[in-house]
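So you can see what is in the structure, the chains are spelled out below.
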Amino acid sequence: MFFLLAVLFVIAIASCKKSADAPATPQSVIETTDPAKKVYNYIIGLGFPAHSIVDQPGEYIVEGDIRFPKDMVIPNVSTEQYYTGSLVSATNVANIRLFVDASMTSMLSEINSAISQWNSISGCNIHWTVVTSGAYDVLITNYNLGNGVCGQGTFPSGGKAGNLIRINKNYIAGNSFAQRARTICHEMGHNVSFRHTNWASIGESTAIDVPGVGGPDASSLMNGGQCGSGATVLSDKDKQAAAVLY
Ligand SMILES: [Zn+2]
């Protein structure tokens, strides 16, 4: 009996190890030279399950509020180096130029409120500025995302902040000022590489801890699925994580 248990134990370890080594679901990875499909494989490699990926013209939408342009630059790293591979470069993060589309100027106060949260983290070089003409890094625009989705962010690629934030303006119009600003602040977090702090409890696949700042945080502004009801200020751990990354 002991031998049998020992064998089962070894099998259990082997299978755990196997799954830990292969966070991607191998059968959902598409072998291809198509750049868009390579982006799909990259998303799978980050640990997002195939069922969370929606194929749209020009982009994949993952878990409702994160977009991956099909022409994005894919970091040449393994998922274990997720944050390093997806970070905005030191030069770029110190000057993220946010262009406010005409469709979003009515929420400029909310945008500035969100910006001031990211810009005031001590020991952190993230700095957003609003630009109204010329070159920019990130466009924020109104977009009808249907019911249930407040906004969408874009992960960084090629050392640049994600290039687009979509805000479901009509959908969040009835929320408080603080909640509208929260939505914008949250999506900005995705654009500098933050994943959802509560990824585990809302069923998302494994995210890589920011070194020294892992684990759940009920007061994190980067918790997902809390449109209209979540934290309205960056938590202490949000700020610590931002300072570690940048
Ligand atoms: Zn989100």
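Quick caveat: nothing in here was measured; it's all calculated off a predicted structure. (Residues numbered from 1 in each chain as written. Predicted model: local features only at pLDDT ≥ 70, side-chain atom pairs only at ≥ 80, totals over all residues. Heavy atoms only, no water.)

Break down the overall build of the chain for me, with residues and values.
When helices and strands are counted, the chain shows eight helices and eight strands. Within the span of the chain, comprising 246 residues, buried residues form 46% of the whole. Pairs at least 24 apart in sequence give 67% of the contacts found in the chain among residues at least 6 apart. Split by element, the accessible area of the chain, about 11800 Å² in all, is 57% carbon and sulfur. (Helix = DSSP H or I, 4+ residues; strand = E, 2+ residues; numbered from the N terminus. Buried < 20%, exposed > 50% of the residue type's maximum accessible area, 1.4 Å probe, protein only. Contact = heavy atoms within 4.5 Å. Areas by Shrake-Rupley, 256 points an atom, 1.4 Å probe, with all protein chains shown as cover.)

So what's going on with the coordination of the zinc ion? Which residues, and what values?
Donor atoms from the polypeptide that bind the zinc ion are D65 (OD), D65 (OD), H186 (NE2), H190 (NE2) and H196 (NE2), placed at 2.0 to 2.8 Å. Between the donor residues of the zinc ion, the gaps in sequence give the motif D-x120-H-x3-H-x5-H. Placement of H186 in helix α7 (residues 177–191) and of H196 in the loop between α7 and α8 (236–245) is noted, with a sequence separation of ten residues between them. In this structure H186 comes out as buried when scored by relative accessible area, which is 5%. (Donors = N, O, S within 2.8 Å, 3.2 Å for Na, K, Ca; no water.)

Let's hear about the state of the cysteines: which residues, and what values?
Taken as a whole and judged by the stated rule, the model has one disulfide. One disulfide bridge connects C150 with C227, the sulfur atoms lying 1.3 Å from each other. With C150 in the loop between β6 (138–142) and β7 (151–154) and C227 in the loop between α7 and α8, the pair connects residues that are 77 residues apart, well separated along the chain. With relative accessibility at 6%, the residue C150 sits in the buried group. Owing to a relative accessible area of 32%, C227 belongs among the partly exposed residues under this scheme. (Disulfide = S-S within 2.5 Å.)

Explain α8 to me, using residue names and the numbers behind them.
When we look at burial in α8, the residues that qualify are D238, A241, A242 and L245. Looking straight down α8, one finds that the buried residues subtend no more than 100 degrees of arc, so they occupy a single side. (Arc of directions from axis to C-beta.)

Give a detailed account of the confidence of the model for the chain, specifying residues and quantitative values.
When pLDDT is averaged along the chain, the result is 83, and 82% of the positions lie at 70 or above. Predicted confidence for residues 1–27 stays below pLDDT 50, and this span has five contacts to residues more than four positions away or in other chains. For the stretch residues 77–85, pLDDT sits under 50, and the model shows 18 contacts to residues farther than four places along the chain or on other chains. (pLDDT = per-residue confidence, 0-100.)

Please set out the sheet that holds strand β2 (residues 59–62) residue by residue, giving values where relevant.
Strands sit in the order β1-β2-β3-β7-β8-β6-β4-β5 across an open sheet of eight strands; the sheet is mixed. The strands lining the two open edges of the sheet, one partner per strand, are β1 (53–56) and β5 (128–131). Looking at each pair of strands side by side, their axes are set apart by 25 degrees on average, direction ignored. Pairing between strand β4 (residues 96–100) and β5: four bridges, direction parallel. Across the sheet, L98 pairs through a bridge with V130, a residue of β5. α7 rests against β3 (66–69), β5, β6, β7 and β8 (164–167) of the sheet, and its axis sits at about 20 degrees to β7. (Pairing = 2+ DSSP bridges. Axes fitted to C-alpha atoms, helices over the stretch in contact; angles between N-to-C directions.)

Let's hear about the pairing of β6: which residues, and what values?
Within a regular strand, side chains alternate between the sheet's two faces. Burial within β6 is extensive, with four of its five residues counted as buried. In this sheet, β6 lies alongside β4 in parallel orientation, the contact comprising three bridges. Paired with L98 across the two strands is V138, which belongs to β6. Bridge analysis of β6 against β8 gives four bridges, and the strand direction is parallel. Each bridged residue has a counterpart across the sheet, and for T141 the counterpart in β8 is R166.

Provide a residue-level description of the environment of T183, including the pertinent values.
Checked against the element boundaries, T183 lands in helix α7. What makes T183 buried here is its relative accessible area of 3%. The sequence separation of T183 and Q152 amounts to 31 residues, and the corresponding C-alpha distance is 9.1 Å. Setting aside residues no more than four positions away along its own chain, T183 makes contact with C150, G151, I167 and I172.

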